[in-house]
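Fold and contact review
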Amino acid sequence: MRAHLILKDGAVFRGRAPLGFGGSGEAVFTTAMAGYQEILTDPSFAGQLVTMTFPEQVRPHFRALRALRDILQSRSPGPLSLSMGMSGDFEVAIEEGADLIRIGTALFGPRLVP
């Protein structure tokens, strides 16, 4: 099935939906080596398209997101943030230009799921 990533500025990136269906939301990456059940059931991820991978495997995606942000920044009157990276890959995210990271698990430990 064909899929489209459509940005607020109208830029369109075409591709394929790997599972045959689409969705909408903020695209985020996680490199957590465990806890995927919690990620899939955590309400804070509602409305987000979560991609799970290993830290070094996500580097090219972080690099592509930075390039995309740079393109959008050239069209934007104000500064744009680059939010990517979590406890399992924040070092790679920072190396690739992230200015916002999510490191709750590194600070507070894994979530306790009832």
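Coordinates for the structure precede this section.
Quick caveat, the model's predicted, so the values are computed rather than measured.

1. Details of the overall build of the protein chain
The helix and strand tally for the protein chain stands at four helices and four strands. Looking at the protein chain as a whole, 24% of its 114 residues are labelled buried. On the protein chain, roughly 8,100 Å² of surface is accessible, and the fraction owed to carbon and sulfur atoms is 62%.

2. Regarding the nonpolar core
A general tendency of soluble globular proteins is for nonpolar side chains to be buried together. In this structure, Val58, Phe62, Leu82, Met84, Val92, Ala93 and Ala98 together form the largest nonpolar core, which totals seven residues. Within the residue set of this core, elements represented by two or more residues are α2 (55-75) and α3 (90-95).

3. Topic: the pairing of strand β1 (residues 2-6)
Sheet analysis places β1 next to strand β2 (residues 12-16), joined by five bridges and oriented antiparallel. Its bridge partner being in β2, Arg2 is matched across the sheet by Arg16. Here β1 hands over to β2 after five residues, with Gly10 in that stretch at a positive phi of 95°.

4. A short note on the side chain of Arg59
In this fold, Arg59 is placed in helix α2. Its relative accessible area of 15% is what places Arg59 among the buried residues. Among the polar contacts made by the side chain of Arg59, one reaches the side chain of Glu56 at a distance of 3.0 Å.

5. What about the pattern of salt bridges?
Going through the model one piece at a time under the given rule, you end up with five salt bridges. Here Arg59 and Glu56 are joined by a salt bridge, their closest N and O atoms 3.0 Å apart. Taken together, the residues Arg59 and Glu56, both in helix α2 and three residues apart, mark about one turn of the helix. Of the charged contacts in the structure, one is a salt bridge between Arg59 and Glu96, with a shortest N-O distance of 2.8 Å.

6. Considerations on the environment of Arg16
With respect to the helices and strands, the residue Arg16 is situated in strand β2. In this structure the C-alpha to C-alpha distance between Arg16 and His4, which are 12 residues apart in sequence, comes to 7.7 Å. Residues in contact with Arg16, not counting those within four places in the same chain, are Met1 and Ala3.

So, how was this worked out
Residues numbered from 1 in each chain as written. Predicted model: local features only at pLDDT ≥ 70, side-chain atom pairs only at ≥ 80, totals over all residues. Heavy atoms only, no water. Helix = DSSP H or I, 4+ residues; strand = E, 2+ residues; numbered from the N terminus. Buried < 20%, exposed > 50% of the residue type's maximum accessible area, 1.4 Å probe, protein only. Areas by Shrake-Rupley, 256 points an atom, 1.4 Å probe, with all protein chains shown as cover. Core = buried A, V, L, I, M, F, W, Y, C linked by side-chain atoms within 4.5 Å. Pairing = 2+ DSSP bridges. Polar contact = N/O pair within 3.5 Å; in protein donor to acceptor, adjacent residues only side chain to side chain. Salt bridge = Lys/Arg side-chain N within 4 Å of Asp/Glu carboxyl O. Contact = heavy atoms within 4.5 Å.

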